[in-house]
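One-letter residues, chain by chain:
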2 protein chains.
Amino acid sequence: MRMPQNKQQIELKSQVLKIFMEYLEQNELRKTPERFAILDEIYTGKGHFDVEQLYEKMKERKYTVSRATVYNTLDLLLACNLVIKHQFGASQAVFEKAHGFKQHDHLICNKCNNILEFCDPRIQQIQNMMGDLLKFNINSHSLYLYGDPECNKEGSCKTCGKKVK
Amino acid sequence: MRMPQNKQQIELKSQVLKIFMEYLEQNELRKTPERFAILDEIYTGKGHFDVEQLYEKMKERKYTVSRATVYNTLDLLLACNLVIKHQFGASQAVFEKAHGFKQHDHLICNKCNNILEFCDPRIQQIQNMMGDLLKFNINSHSLYLYGDPECNKEGSCKTCGKKVK
DNA sequence: GTAATTGCAAATGTTTTGCATACTG
DNA sequence: CAGTATGCAAAACATTTGCAATTAC
C-alpha cells in the first residue's frame, strides 16, 4: 500500500533523481532499475532507517533486491550526498535522506533509542573555528546528544511513553 | 619495555584503582588480577586504543588475557566512567581513558584517521539548551569533526605526513 | 565450597567479497 | 558484445555467548 504522493514529494523526487543521474553519468556508472527503485523507496519513506528495514521495504516493491545491492547503492547515494550515514550505537548503521532538508543534529533517548532532531548555528561556528585552528578543511561532523527524558510523576516517559525506573 | 612512571602517573593510577575497587565492591564483583592488569595497562598507555591493540599489549605483560575478558573488563570500566568509548567509523570501537583528563572532543583526519582533540565551551551550552528545550536530561554527547588537512605545496599532509592526492 | 570469572571456541550479526549470470551502454 | 551490476552464498570482521575449568571470597 503506497501512500499518495503530494506535489512537494514529487518535486523533491525529481530533484534527487536528477542529482543521482548526473552522478552516475559523470562516473560512468550504469543506470539500473534497482538503483532508482532504492532511491525512490528512500525518498518515499520518512525518518531514519537501517539496511535491513530498507531491504524489507524493497521486498514489498516490484524490485526485490539483494542486500549486496542495497549496500552498493547506499554507498553511491552517500557519495553524491543524497543520504547521510549515522553510527549511533555499536551495531548497525542508520541512514536518512539528505537532500531538501536543513542541516540538523540528533538527540538519542537512552530509554527507547528514539531520535529527536535539532538545529544550532553554534555547531557550524565551532566547526569553522576548529578548522582554522587545527589547519583542517572540515567537511562533515556528527554530534549526538544522549539523555533520559524528564518524566512526569506517574513514572512514564513523556517522550516515548515507556515506563522509567 | 615499560616506561618509567613519574609521580603524576603513579598518583593518577592510585586514584583510578581506588575508583575501580569501590565500584567492584559496591557491585559485589570479584577483584581479579586480569581486571587490575587491564586497568593498569590502559592508564600506562596514552592516547586512543581499540580492543585488539589492548589485547596485544596485554600479551606482553604477565597477564595474557582472552579477548572475552578484555571486552568484559572494558564494560566494567565504562560503567564506572574510567574509560570512554567512541564509535568513529563503522568498524571497531575506539577507547580512551577518562579520569583525570578534561572533557574534549575529536577531529578525525580523513586521510590517515589520526585523531586530534579540542575543547569548546559552546558544546556544553548547546547540550544544556537542547536538554531544556526538548525536556531531556542530557548525560553525554559525542562530537566528531571530519576533515582533510591543509596541505603544503609539495603535496604532503602537514598533519600526518602522508601524500595527499 | 560455591558462585563468579576466565579462556576457548562456536555463534551471532553486520558488512564485504567472489563469482557466475544478467543486463546496460 | 564488452564490461559493469546483480544475486547468491561464502567470507570477513568485531563482538557476544555457552560451557567447562579455574579462582576469589
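Residues numbered from 1 in each chain as written. Chains lettered and ligands numbered in written order. Predicted model: local features only at pLDDT ≥ 70, side-chain atom pairs only at ≥ 80, totals over all residues. Heavy atoms only, no water.

Here we take up the interface of chain A and chain B. Contact residues are listed per partner, giving 37 residues for chain A and 36 residues for chain B. Carbon and sulfur atoms make up 62% of the area that chain A and chain B hide from each other, which totals about 3400 Å². Three residues, Arg122(A), Ile126(A) and Phe136(A), lead the burial of chain A against chain B; their summed loss comes to 19% of the area buried on that side. Our count for the contact surface shared by chain A and chain B stands at zero salt bridges. Counting every contact that joins chain A to chain B gives 16 residue pairs in polar contact (both at pLDDT 80 or more). Contributing elements (two or more residues each) for the side of chain A that touches chain B: β4 (105-109), β5 (115-118), α5 (121-134) and β6 (136-149) of chain A. Ranked by residues supplied to the side of chain A that touches chain B, first place goes to β6(A) with 14 residues. Where β6(A) and strand β6 (residues 136-149) of chain B come together, 13 bridges link them in antiparallel fashion. (Contact = heavy atoms within 4.5 Å. Buried area = accessible area lost by both parts, 1.4 Å probe. Salt bridge = Lys/Arg side-chain N within 4 Å of Asp/Glu carboxyl O. Polar contact = N/O pair within 3.5 Å; in protein donor to acceptor, adjacent residues only side chain to side chain. Helix = DSSP H or I, 4+ residues; strand = E, 2+ residues; numbered from the N terminus. Pairing = 2+ DSSP bridges.)

What follows is about the packing of helix α1 (residues 7-26) of chain A against helix α4 (residues 67-79) of chain A. All names here are of chain A. As a packed pair, α1 and α4 sit with axes 10 Å apart at the nearest point and diverge in direction by 100°. Regarding the angle of α1 to α4, the classification is roughly perpendicular. Taken together, the residues of α4 that come into contact with α1 (itself represented by Phe20, Tyr23 and Leu24) are Leu76, Leu77 and Ala79. Split by residue class, the contact of α1 with α4 holds six nonpolar, no polar and no charged. (Axes fitted to C-alpha atoms, helices over the stretch in contact; angles between N-to-C directions. Parallel < 35°, antiparallel > 145°, perpendicular 65-115°, else oblique. Nonpolar A, V, L, I, M, F, W, Y, C, P; charged D, E, K, R; others polar.)

Attention now moves to the sheet that holds β5(A). As summarised here, the arrangement of the six strands in space is β5(A)-β4(A)-β6(A)-β6(B)-β4(B)-β5(B), forming an open sheet in which the pairing is mixed. In this open sheet, the two strands that pair with only one neighbour each are β5 of chain A together with β5 (115-118) of chain B. Neighbour-to-neighbour, the strand axes of the sheet open up by a mean angle of 25°, direction not taken into account. In this sheet, β5(B) lies alongside strand β4 (residues 105-109) of chain B in antiparallel orientation, the contact comprising four bridges. Bridged to His106(B) within β5(B) is Glu117(B). Contacts from α5(A) reach β4, β5 and β6 of chain A together with β4, β5 and β6 of chain B within the one sheet, and its direction differs from that of β6(A) by about 135°.

On to the relation of the copies chain A and chain B, then. Both copies of the chain are tied together by a single rotation about an axis and a shift running along it. Rotating chain A by 180° and moving it 0.0 Å along the rotation axis overlays it on chain B with an RMSD of 0.2 Å. With respect to symmetry, the two chain copies, as superposed, fit the operation of a two-fold axis. It is Leu143(A) whose C-alpha, among those of chain A, lies nearest the rotation axis, at 2.2 Å. Both copies present the same face, since 97% of the interface residues in chain A are matched by interface residues at the equivalent positions in chain B. (Least-squares fit on C-alpha atoms with pLDDT ≥ 70 in both.)

This brings us to the protein's contact with DNA strand C. For DNA strand C, the set of nearby residues contains 18 residues, the closest of which are Tyr71(A), Arg30(B), Thr32(B), Thr69(B) and Asn72(B). The sugar-phosphate share of atoms of DNA strand C within 4 Å of the protein amounts to 68%. Here Arg35(B) contributes a side-chain N or O atom positioned 3.1 Å from a phosphate oxygen of DNA strand C. Residues that form the surface near DNA strand C fall into these classes: seven nonpolar, six polar and five charged. (Near = heavy atom within 4 Å.)

As a further point, take the domain arrangement of chain A. Often the size quoted for an interface is simply the accessible area lost on bringing the parts together. All names here are of chain A. Assigned domains within chain A: domain 1 (1-101) and domain 2 (103-165). At the interface, six residues of domain 1 touch eight residues of domain 2. Between domain 1 and domain 2 the total buried area reaches about 580 Å² when both faces are included, carbon and sulfur atoms providing 58% of it. Where domain 1 packs against domain 2, one counts zero salt bridges. When its residues are assigned to classes, the side of domain 1 that touches domain 2 shows two nonpolar, three polar and one charged. (Domains from an automatic or database assignment.)

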